[in-house]
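The chain contents come next:
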Amino acid sequence: MARSDARRRELRHAARGAAIALVLYSVVAGALIQMRGPISTQSARFVALESSRPADFGSEARGRSKGHSANPQALIVWRLGIYAPVERMGLESDGTLEVPSDAQEAGWFARGPRPGENGSAVIVGHYDSRTGPGIFWPLKKLRVGDEVGVVDRRGNEFVFQIVRIEQVDKDLFPTRSVYGPTSKPTLKLITCKGDIDPGTGHYADNLIAYGKLAG
């Protein structure tokens, strides 16, 4: 939903300056990172059971409303200083969600609704990488009530308010809650959290933030 003229200008400026902001953020965050043990190169991937994969909701998601929104281009979390380019993501051969190859980019599940359309729009991002923090590293400080902006490729701006945040075991990932159909526009942000599994080198949990269209 469009906000005030000042907020719209801020969103457009943020989208245009995303690349510069990401470079600056990486430099600062890299200086602050502490050693935490092995780091996953697939840190945004979640482990899903055969019966709980995004593909299960593909037909429902493709029935989304048509019209005002286009594919997302940038995601902004003002309070946390996140300015993330957004790329299209599909499914891996095993049915799990693809994750961005660049730790400083976010990925939108393109088989689901676009942000701003009715339904569950899903955006994932890396928590960290072998070279430093990922784009969703600051999400550990996200709060209920925070606003998340999404700019699409037509220049439309949508603002979502975070209404719930949960940390879940990847083996118990709430696929229906995340990908299931909703009657209004919603946004789900996913990254990793928790302890490193010594057997896989990956984080054991996912951090999931649920947002509703503000207004």
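Scroll up to find the structure this text is about.
All residue numbers refer to positions counted from 1 along the written sequence of the respective chain. Thresholds applied to this predicted model are a pLDDT of at least 70 for local features of residues and 80 or more for the giving and counting of side-chain atom pairs; totals over whole chains, interfaces and linings are not thresholded and use all residues. Heavy atoms from the whole structure form the basis of all side-chain values; hydrogens and water molecules are not counted.

Novice: I keep staring at the overall build of the protein and nothing clicks. Help me out?
Specialist: Only DSSP runs of H or I reaching four residues or more are called helices, and only runs of E reaching two or more are called strands; each is numbered from the N terminus. Scanning the protein for helices and strands turns up 4 helices and 10 strands. Its helices and strands in sequence order give the protein the pattern α-α-α-β-β-β-β-β-β-β-β-α-β-β, from N to C terminus. Residue contacts are counted whenever heavy atoms from the two residues lie within 4.5 Å of one another. Taking the contacts inside the protein whose residues are at least 6 apart along the sequence as the reference set, 68% of them involve residues at least 24 apart.

Novice: Which parts of the structure should I look at to understand the environment of Gly211?
Specialist: Assignment of secondary structure puts Gly211 in strand β10 (residues 203-213). Since its relative accessible area comes to 4%, Gly211 is described here as buried. When sequence neighbours within four positions are dropped, the list of residues in contact with Gly211 reads Phe160, Gln161, Ile162, Val163, Thr186 and Leu187. Only protein chains enter the accessibility calculation, which uses a 1.4 Å probe. A residue is then buried if its area is under 20% of the maximum for its type, exposed if over 50%, and partly exposed in between.

Novice: How should I be thinking about the sheet that holds strand β3 (residues 106-109) in this particular structure?
Specialist: Strand pairing in a sheet relies on backbone hydrogen bonds. The paired strands run either parallel or antiparallel. Judged by pairing direction, the barrel is mixed, and its 8 strands sit side by side in the order β1-β2-β3-β4-β9-β10-β8-β7 before closing back on the first. Here the strands of the sheet are splayed against their neighbours by 35° on average, with no regard to which way each runs. Strand pairing is assigned whenever DSSP detects at least two bridges linking the two strands. Sheet topology places strand β7 (residues 147-152) next to strand β8 (residues 157-169); 5 bridges connect them, and they run antiparallel. Paired with Val148 across the bridge in β8 is Phe160. With axes taken as lines fitted to C-alpha atoms, and helix axes fitted only over the stretch in contact, angles between N-to-C directions fall between 0 and 180 degrees.

Novice: Help me understand the side chain of Lys188 in this model?
Specialist: You can see Lys188 is positioned in strand β9 (residues 185-196). Under this rule, positive means Lys or Arg and negative means Asp or Glu; His and the chain ends count for nothing. By definition here, a salt bridge exists when the distance from a side-chain nitrogen of Lys or Arg to a carboxyl oxygen of Asp or Glu is within 4 Å. Buried charge Lys188 goes without a salt bridge, the closest partner of opposite sign being Glu166 at 8.8 Å. Polar contact criterion, stated in full: a pair of N or O atoms within 3.5 Å, where within protein one must be able to donate a hydrogen and the other to accept it, and residues adjacent in sequence count only if both atoms are side-chain atoms. Polar side-chain contacts of Lys188 include one of 3.0 Å to the backbone oxygen of Ser177. Filtering out sequence-adjacent residues up to four positions away, Lys188 remains in contact with Ser120, Ala121, Val122, Ile123, Ser177, Val178, Ala209 and Tyr210.

Novice: Teacher, can you tell me more about the pattern of salt bridges here?
Specialist: Side chains that differ in charge, positive against negative, can pair when their charged atoms come close. A full pass over the atoms with the stated rule returns 3 salt bridges. A salt bridge links Glu166 to Arg164, with the shortest nitrogen-to-oxygen separation between them at 3.5 Å.

Novice: Please explain the pairing of β9 as it appears in this structure.
Specialist: Bridge count between strand β4 (residues 119-125) and β9: 6 bridges; the pairing is parallel. Within β9, the position partnered with Val122 by the bridge is Lys188. The pairing of β9 with β10 spans 9 bridges and is classified as antiparallel. Opposite Thr186, over in β10, you have Lys212 as the bridge partner. Joining the antiparallel neighbours β9 and β10 is a turn of 6 residues, in which Gly201 adopts a positive phi near 80°.

Novice: Looking at this structure, how should I read the environment of Trp137?
Specialist: Note that Trp137 resides in the loop between β6 (132-133) and β7. What makes Trp137 buried here is its relative accessible area of 15%. Distance from Trp137 to Gln104, taken between C-alpha atoms, is 9.9 Å for residues 33 residues apart in sequence.

Novice: Any chance you could explain the packing of aromatic side chains here in plain terms?
Specialist: The description of an aromatic ring pair uses the distance of the two centres, along with the angle that the planes make with each other. When two rings of Phe, Tyr or Trp (its six-membered ring) have centres within 6.5 Å they constitute a pair, described as stacked for plane angles under 30 degrees, edge-to-face for angles over 60, and tilted for the intermediate range. Within the structure shown, the criterion is met by 4 aromatic pairs. Aromatic pair Tyr127 and Tyr203: ring centres 5.4 Å apart, planes at 90°, arrangement edge-to-face. On the criterion of sequence distance, the pair formed by Tyr127 in the loop between β4 and β5 (128-129) and Tyr203 in strand β10 is long-range, its members being 76 residues apart. The class for Tyr127 is buried, based on a relative accessible area of 7%. On the basis of relative accessibility, which here comes to 7%, the residue Tyr203 falls in the buried class. The structure contains a cluster of three or more aromatic residues connected by ring pairs, namely Phe109, Phe173 and Tyr179. Charge-over-ring placement is defined geometrically: NZ (Lys) or CZ (Arg) within 6 Å of the ring centre, and within 35 degrees of the ring normal. Stacked on the ring of Tyr210, the Lys or Arg Arg164 has its end atom at 3.9 Å from the ring centre.

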